[in-house]
Amino acid sequence: MTVTREGPLPGRTYDVVIVGAGVVGCALARELARRPRLSVALVEAQDDVGQGTSKANTAILHTGFDAAPGTLEARLVREGHHRLGAYATETGIPVERVGALLVAWDEEQLAALPRLAGKAERNGYGETSLLGSGEVYAREPRLGPGALGALHVPGESIVCPWTTTLAYATQAVRAGVDLHLNTAVARATWQVGHHLATSRGTLRARRLVNAAGLHADTVDRLLGHEDFTVTPRRGQLLVYDRLARPLVRHILLPVPTALGKGVLVAPTVHGNVLLGPTAEDLDDKRATGSTAEALAGLRDKGRRILPDLLDEEVTAVYAGLRAATGQEDYRITAHPEQGYVTVGGIRSTGLTASMAIAAHVTGLLAGTGLDLGPVREPDPVTMPDLGEVLPRPCQRPDLIAADPEYGALVCHCERVSRGEIRDALAAPIPPRTLEALRRRTRAGAGRCQGFYCGAAVRDLLEQGLAEAGPAGRGPWGKGRP
């Protein structure tokens with residue numbers, strides 16, 4: 001396995017180079033790792049996988065009930081829902097099938113619900129049901145006053161986006177994919193093969209896949225294509241403390257608009273409650289800050305949806321950028337003459353569709369003349385379960401008896417033990433920052449946001465980095481993933 005963050009890049013010519021280690025790029029790397037004849041590299045400009053849109057979303061596993069019928073997105077979301085659901089069960093990614101309610105607050109929205117049910121049918125999802133006002137409040141007694149009805153979508157689920165991306169990448173790396181982090185692509189040329197000028201030197205490839213997310217249009221232009229422009233659409237969200245979790249039983253959705261699914265209230269697998277997102281079209285692809293005005297607007301909407309939520313403590317605020325292209329579909333295009341595939345315009349449904357997108361793009365690569373070779377399933381992985389349904393490691397006497405480090409708490413808010421931090425630092429793709437460690441363990445993500453545990457967590461991280469050295473592997477031997 002090879003994970004590099006510094007130094008010169010290999011001089012070899014890869015069969016496939018994937019630009020962008022978000023959830024889609026990592027899913028594709030895992031899919032191509034099933035073809036052991038291929039040499040594959042996954043290239044990422046930042047210092048970890050899943051650093052862009054993939055880490056900052058609403059963490060919903062969609063059924064695809066409200067996608068535009070007949071689009072590629074509709075098909076891939078529907079297929080991806082089944083694929084990722086099964087993969088999560090295999091690998092230990094936490095998923096909860098809580099269902100969703102599209103709540104109608106006025107007569108116009110109420111009239112739209114049967115049309116949305118019909119749209120779901122056209123998308124191959126036939127499990128929706130229309131609820132009257134009384135049924136809605138029976139299901140969600142803390143809902144604000146004035147709800148006239150709702151569309152119930154029982155298959156909508158919540159999932160851990162951090163673990164999903166890391167699981168894909170871990171399985172890919174273990175199966176032989178080279179992961180090159182801190183490797184920003186500056187120029188790309190096509191001369192029989194691809195030559196990528198990066199911040200760490202030149203990479204060569206016979207086939208190239210552009211899964212660069214917010215920067216997919218930039219990479220596309222390097223190869224001479226101007227098929228779309230990415231507009232960063234910022235979504236700001238409020239994260240409420242786990243004490244708010246009993247207030248809500250379903251994902252509470254508004255009737256969608258052209259800008260997206262609107263402001264929702266949703267539980268998370270980590271035990272929190274989300275309120276958001278906003279939908280702000282910007283010019284700056286780095287503008288992930290939050291604004292007082294937008295957060296105040298979210299609170300106003302939240303007060304109508306779930307009034308009691310506003311009395312709870314806010315644990316965190318975050319913002320993510322989605323890749324809007326002005327089109328109601330993904331922008332996935334093969335350019336066989338260049339051995340090149342663009343995977344652009346992957347919006348908020350990209351997490352759900354990731355495995356289906358990977359299979360689709362693999363087919364497109366075969367259509368460019370790439371000989372995929374035989375299939376060999378990669379070794380399975382078991383990821384740390386960061387959810388709240390199963391006991392945490394510190395609550396499992398069997399684990400603690402075998403290894404007391406799982407009983408030594410470091411982060412009390414999120415009940416994270418030294419054993420979990422040790423495992424993360426010893427994993428095939430170890431964290432190099434506190435933020436990356438938080439995504440792998442939840443350390444510092446709780447009510448105090450690291451106020452009490454921050455120094456201890458930093459000491460463990462720095463100790464791990466010092467003992468790992470330039471190779472980047474953790475200090476305590478083989479990790480659980």
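Residues numbered from 1 in each chain as written. Predicted model: local features only at pLDDT ≥ 70, side-chain atom pairs only at ≥ 80, totals over all residues. Heavy atoms only, no water.

## Describing the pattern of salt bridges
Formally: Take a side-chain nitrogen of Lys or Arg and a carboxyl oxygen of Asp or Glu: if they are within 4 Å of each other, that pair is a salt bridge. The secondary structure listing takes helices from DSSP runs of H or I that are at least 4 residues long and strands from runs of E that are at least 2 residues long, numbered from the N terminus.
Taken as a whole and judged by the stated rule, the model has 31 salt bridges. Glutamate 73 is paired through a salt bridge with arginine 347; the nearest N and O atoms lie 2.3 Å apart. With a gap of 274 residues between them, glutamate 73 in helix α2 (residues 72–91) and arginine 347 in the loop between β21 (340–344) and α8 (350–367) connect regions that are remote in the sequence. The closest approach of N and O atoms between aspartate 284 and arginine 286, which form a salt bridge, is 3.5 Å.

## Remarks on the environment of lysine 55
Heads up, the rule is: Exposure classes here rest on a 1.4 Å probe applied to the protein chains alone. A residue is buried below 20% of its type maximum, exposed above 50%, and partly exposed in between. Whether two residues are in contact is decided by their heavy atoms, any of which lying within 4.5 Å being enough.
Considering the arrangement of structural elements, one finds lysine 55 in the loop between β3 (40–43) and β4 (60–61). Looking at lysine 55, the relative accessible area reads 26%, which means it is partly exposed. As a C-alpha pair, lysine 55 and threonine 163 span 108 residues in sequence and 9.7 Å in three-dimensional space. Setting aside residues up to four positions removed in sequence, lysine 55 forms contacts with Gly50, Trp162, Glu435 and Arg439.

## Describing the nonpolar core
Basically, it comes down to this: We call a set of buried residues a nonpolar core when its members are Ala, Val, Leu, Ile, Met, Phe, Trp, Tyr or Cys and they connect through side-chain atoms within 4.5 Å of each other.
Within the largest apolar cluster, 54 residues are counted, with the highest numbers of intra-cluster contacts made by Ile18, Leu179, Val209, Ile332, Val343, Ile357 and Val361. At the level of secondary structure, the elements contributing two or more residues to this core comprise β2 (13–19), α1 (23–33), β3, α2, α5 (161–174), β21 and α8. Not counting chain neighbours up to four residues away, the residues in contact with valine 361 comprise Leu28, Val209, Ile332, Val341 and Val343.

## Describing the sheet that holds β4
Heads up, the rule is: Here, any two strands with at least 2 DSSP bridges between them count as paired.
Taken in spatial order, the three strands line up as β4-β9-β5 in an open sheet, and their pairing is antiparallel. Every other strand in the sheet has two partners, leaving β4 and β5 (95–96) as the edge strands with one partner each. Bridge count for β5 against strand β9 (residues 157–159) is two bridges, and the pairing is antiparallel. Considered in β9, the bridge of glutamate 96 is made with isoleucine 158.

## Structural notes on the confidence of the model for the protein
Caution applies to low-pLDDT regions: their predicted coordinates should not be interpreted in detail. Formally: Note on scores: pLDDT gives the predictor's confidence for each residue, bounded by 0 and 100.
This prediction gives the protein a mean pLDDT of 95; 96% of its residues lie at or above 70. Per-residue pLDDT stays below 50 along residues 471–481; that stretch engages in 40 contacts with residues further than four places along the chain or on separate chains.

## Section: the packing of aromatic side chains
Filter applied, for reference: Pairs were defined over the aromatic rings of Phe, Tyr and Trp, the Trp ring being its six-membered one, requiring ring centres within 6.5 Å. Orientation was assigned from the angle between planes: stacked under 30 degrees, edge-to-face over 60, tilted for the rest. Put simply, a charge is over a ring when the Lys NZ or the Arg CZ is close to the ring centre, within 6 Å, and near the line of the ring normal, within 35 degrees.
In this structure the tally under the stated criterion is two aromatic pairs. With 5.4 Å between their ring centres and 35° between their planes, tyrosine 87 and tyrosine 168 make a pair best called tilted. On the criterion of sequence distance, the pair formed by tyrosine 87 in helix α2 and tyrosine 168 in helix α5 is long-range, its members being 81 residues apart. On the basis of relative accessibility, which here comes to 2%, the residue tyrosine 87 falls in the buried class. Relative accessible area serves as the criterion here: at 0%, tyrosine 168 is assigned to the buried category. Ring geometry for phenylalanine 451 against tyrosine 452: centres 5.1 Å apart, planes inclined by 85°, an arrangement best described as edge-to-face. The exposure class assigned to phenylalanine 451 is exposed, which follows from its relative accessible area of 65%. Lying across the ring of tyrosine 406, arginine 422 places its NZ or CZ 5.1 Å from the centre.

## A closer look at the side chain of glutamate 420
Basically, it comes down to this: Any pair of N or O atoms that falls within 3.5 Å is considered a polar contact. Within protein, one atom must be able to donate a hydrogen and the other to accept it, and sequence-neighbouring residues count only if both atoms are side-chain atoms.
If you trace the backbone, glutamate 420 turns up in helix α10 (residues 418–425). The exposure class of glutamate 420 is buried, given its relative accessible area of 7%. Within polar-contact distance, the side chain of glutamate 420 engages the side chain of arginine 392 at 3.3 Å. Leave out the neighbours within four places in its chain, and glutamate 420 touches Arg392, Pro393, Tyr406, Arg415 and Thr441.

## Here's the deal with the pairing of strand β16 (residues 264–267)
Side chains Leu264 and Ala266 of β16 all project onto a buried face; the interleaved residues Val265 and Pro267 project onto the opposite face, where all are buried too. Note: β16 against strand β17 (residues 273–276), four bridges, orientation antiparallel. If you follow proline 267 over to β17, its bridge partner there is valine 273.

## Focus: the environment of glycine 369
With respect to the helices and strands, the residue glycine 369 is situated in the loop between α8 and α9 (397–402). With a relative accessible area of 55%, glycine 369 lands in the exposed category. Taking C-alpha positions, glycine 369 is 44 Å from valine 255, a pair spaced 114 residues apart along the chain.

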